[in-house]
Amino acid sequence: MKAARSGTRGGLEKTKLAMIRKVSFLQRKDSSGEGRDDAGYLDVSVCELKHPPPQLGPMPEGLSSQQVVRRLILSSIVQSESSYLDSLKRILQEYQKPLLEPQNCILNPKKVRCIFYRLQEIHQCHSMFQIALASRVAEWDYSETIGDLFVASFSKSMVLEVYSDYINNFTNAMTLIKKACMSKPAFLDFLKKKQTSSPDRITLYGLMVKPIQRFPQFILLLQDMLKNTPKTHNDRLPLQLALTELETLAEKLNEQKRLADQEAEIQQLAHSVGDRNLSKLLNSEQRQLIQCELLTEIVYGDKGQVLKSKERKVFLLNDTLICANVNLKGPPDISSLVPVGPKYTVKWCAPLLQTQVVEVGQDSQQRRDSVITARRHSSTSSSIGKVFMGPPRLYQDLEELQHDLAVVQEVSLLVGTLHGTYQNLNTTVSQDWCLALQRLIRLKVEEIQNANKCRLRLSISGKPDKSGRPVSIIVVFNTPSPLSKISWVNRLHLAKIAHRQENTPGWECAEEDMKTRAPSSWPLLTCQLPVFSSKTHSLKLEAALHSPAQSSLLGFCIASTSLPQGYLWVAGGGSGFNHGQVEIFSLNRAAPRLVKTVPLRAPVLCLEYVKEPCPSTEGREAETAQSAAKIGNIICVGLQDGSIDVYSSVDTAVHCLSTLVNPDSCPILCLKHSLPFLFAGLANGKVAVYHRRAGERLWDVDSCQLVSVGSEPVCSLLTLEDAAWASCANRVTVIQGSSLHTQSFTAHSDAGCSVSHMIGSGGGVWMAFTQGSSIHLFHAETLEHLQEVNISTRTAHLAPGKTRWTCRVYVSSLLLCQGLLWVGTSHGIILTFPVPTLEGIPKITGKGMTSLNAHCGPVDLLVSTSSTLASNLLRRDSILNGSEEAANREAEGGKGNGVGDEKGQRLEQDSEAPPPREEKPKRLLLQYRLHSTCQLPGKLLSVQPEQGSHRLAPDSLVHSPEDGSIYEVSEDPDVWVRGRPVEWGKEGEVRRNKFTSTAVFSGGRGHRRIGQMSSPGPCSAATDNTLLVWQLPLTLSQ
């Protein structure tokens, strides 16, 4: 009523609804679950005498190994479900029922119903599932099917509804339990007695969290079942559909849990805020929580010593960064039973757009910009204008090494002017000193990078000083792991991009998604990239691909915010031209840049990147790695003159390895490869198949075989394992690569609708057609039609009302990337649909989104770029430090009298945890008092060429080149040139977790904003070939 009296439109509407329904606002049911009506769910009790629990009979004889494994997995499903039902029964019988008894006045019955809200319905759902499971288990030896049972049981809307309500209420239930424990000692004693009397001593929280974990457990079990199910088995498709349903359900429940946790964090923070403006911001509907985490704030002194460290909770909202102090106060006996939520005290908040991530060493840029940089909580003896680098000791050491190198270089020049010959005082030794110092400088730079891996340094804006100059405050946080820092840097970067004009808004989607999802979680338009020069702008965009390559020159933060590393090949051509062109763009920076242009003799129609085959043995692995280093990435270019140019690409160097031709000299319309074969779709309705010789990476030029699939051009190819799908007109032919046997089926009933695009994922294949506005999903194994989606209804209201847009929309490109099906249309509009990513069927499972950034013509291509961040970025320790310490230990053991206590070579180590007290930093000292280094491990480092295996006696006073190698700490001097790969299997943290960077490029004519008057006109940018670059958030996988 207060809102209605204030005259707001929303308040007036709420008042009208209240008067019509005759319900006051004070009596409305809230979202906490208290007093909610459970009508529609009957309390059905299952009698175990009539419905005994499922029990698998004895294993019959003569079963295959896969059948035995499937029985074992089924037994695991039965045991897991039985244990889950027992846990639900324990909650209802041992906790809810005693608390609701009239003689027990421990807790208000309304609060008890709110705590255990929807648990009864969840128990009923799984009781019904257990009855069906028992029936299926009883007849397992005859049917051996289980997938359809999961589909029938968990695809119902009731399951999603009750689980969503339970998850949404979970945080509120834990809050009620915590408050009841603190205010009612009898309730606390009740929980303690129940825990101690249980055989497994699981707390109430441990029992109530099991419904949240249930469906991920189901998914793991069904994945194992699917792996051991033959493709011809009747249970194959039902299992894939069951995986799809469970993955979709789990994703929705995870999103519900994320939103509930986000709302709880925001509300907890809002209660702690004293500032009215900040409290209003937190309670507004526009605010969204992107990320929050417990970090450790570190305060350094002038000399790099740790003055203070304190845990802070950092909140990243869509437009604000908030740092809060954490007060974890509460009785310890309560925290052991239920998680006790913290209380926050806001320390500071900063606008997102004025917050910068600053790595160690980047402070000089701020000095050039005349911005005063101060350290938070700095000591009183420091001046306000001093730039603090945290920890500054590392950069101070680096500056000292650079100074020493300059001095040694001058000494080397002076030594070169000597006329006499002196031991250890000649040009060779002095130049070895220079090389060693350069090496130490590189080590110090790497040490600084390692210090940055778990250290998040933020520059936030402070109040201007007395002269009015802006003041930037440096705040330093220690993150729990390098993965955490990468996530923070990436989320901050994308949150800023989301504020750009082209991304506000960037997508049109369902209203509930607009309210719940942060804009930075959607694909963000990062930049526009013009393709081809003004002289060749008439070339048509035909194809593009990503050639991955990791750059060791990228810094830690740059790798977290840049596009996927590697190079983007963009090809142009067309039927009306007599030449083609490939432009290569480097993606190793925040914005792509053109680095090479390759002219070709004929128009390019298609491109294909060939992945390196996985070796089966260690011997072949070394041979393949050596061959790959020489050849590099292999890229096949299909030309209109009927030839295929096979290129090797090492960085920007491009070399043509071979040229493949087909006997008919027909244009190459599409290319796809499998491990031993290269398939080429021709314009005369044939597919050319090229074979690869054993142990070779290239295909035999004389191995071409032609497979006829029709009379129309082969517009699209798709490889699934060893088979290739070739589309000709409205039919698709499946070619088995080993035998070249074919099987065809009709993909569309209209003969005029030719299959133009095919893309596969999991157990399904999506297809688009030249004359249709629908996309169709087929099963990859049975070729059964599973789903059809019409896209015209989602683009009709966005197309301008001009004559050239009145034609029917059709699909011009398709792409599957990170759980999204991208659809490019003839109107230049891009759509995305959510699809599952596991081994199930990639059905469209939710409402689509429409991009408000479009091309001025058809979307000619959609290509994804993806790369995993370099493994050494995710390690806490340096790759070199381990080998150097081992080398130093071995050297000290072999030459104990050669290196003294202060003359040995030591490397300063910057510990991740703050030291308890300030210690004298260890230095790496250059010493040359060894008579010889012949017993030291590693390659000799000298400016002189190697002289074979000739070595002088240890007691010889004649200088030898090996003396200089003592100054080299690394056993491999070329490691900084080539970089050393890290095997994922040998690094625990790296092997378990990895971050994947993904971007999507769309190609077409020009760029326009839908629904805005400021969109580019048709006479300027509308005729230029343009790539739109969409960046997606980093994804963490295992």
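Keep in mind that this is a model prediction, so the values were computed, not measured.

Draft legend 1. Focus on the overall build of the chain. Broken down by element type, the chain carries 25 helices and 40 strands. Residue burial in the chain is summarised as follows: out of 1038 residues, 49% are buried. At a minimum sequence separation of 6, the contacts of the chain that also span at least 24 residues come to 66%. Of the roughly 49,800 Å² of accessible surface on the chain, 52% is carried by carbon and sulfur atoms.

Draft legend 2. Broad picture of the environment of Lys540. Structurally, the position occupied by Lys540 is in strand S11 (residues 540–548). For the pair Lys540 and Gly572, spaced 32 residues apart in sequence, the C-alpha separation works out to 5.3 Å.

Draft legend 3. Examining helix H5 (residues 119–138) more closely. With 20 residues, H5 ought to run about 28 Å at 1.5 Å a step, and its terminal C-alpha atoms sit 28 Å apart, in line with that. Counting buried residues in H5 gives 14 out of 20 residues, a clear majority hidden from the surface.

Draft legend 4. Region of the structure containing helix H11 (residues 210–227). With 18 residues, H11 ought to run about 26 Å at 1.5 Å a step, and its terminal C-alpha atoms sit 26 Å apart, in line with that. Taken together, the buried positions of H11 are Pro211, Ile212, Arg214, Phe215, Phe218, Ile219, Leu221, Leu222, Gln223, Met225 and Leu226.

Draft legend 5. Structural detail: the pairing of strand S27 (residues 755–761). Alignment of S27 against strand S28 (residues 764–769), held across 6 bridges, turns out to be antiparallel. By the bridge assignment, Met758 is partnered in S28 with Met767. Linking two consecutive strands that pair antiparallel, namely S27 and S28, is a turn of 2 residues; a positive phi of about 60° is found at Gly762 within it.

Draft legend 6. Examining the packing of aromatic side chains more closely. Counting across every chain of the model gives 20 aromatic pairs. Between Phe150 and Phe218, the aromatic rings sit 5.1 Å apart at their centres with planes inclined by 80°, giving edge-to-face as the arrangement. Remark: Phe218 occurs in helix H11 and Phe150 occurs in helix H7 (residues 147–154); sequence separation between them is 68 residues. Looking at Phe218, the relative accessible area reads 0%, which means it is buried.

About the thresholds
Each chain has its residues counted from 1, following the order in which its sequence is written. Residue-level local features of this predicted model are given only where pLDDT is at least 70; pairs of side-chain atoms are given and counted only at 80 or more, and the full residue set underlies all totals for whole chains, interfaces and linings. Derived side-chain values reflect all non-hydrogen atoms in the structure, with water molecules and hydrogen atoms excluded from consideration. Secondary structure elements are taken from DSSP: a helix is a run of H or I of four residues or more, a strand is a run of E of two residues or more, and numbering for both begins at the N terminus. Categorising residues by exposure relies on relative accessible area from a 1.4 Å probe, with only protein chains included: less than 20% of the type maximum marks a residue as buried, more than 50% marks it as exposed, and the intermediate range marks it as partly exposed. In what follows, residue pairs with any heavy atoms lying within 4.5 Å of each other are defined as contacts. Using a 1.4 Å probe, the Shrake-Rupley method yields the accessible areas, and only the shown protein chains count as cover for residues. The span expected for a helix works out to 1.5 Å for each residue beyond the first. Two strands qualify as a pair provided DSSP detects at least 2 bridges between them. Side-chain rings of Phe, Tyr and Trp, where Trp is taken by its six-membered ring, are said to pair if the distance between their centres is within 6.5 Å; with planes under 30 degrees apart they count as stacked, over 60 as edge-to-face, and otherwise as tilted.

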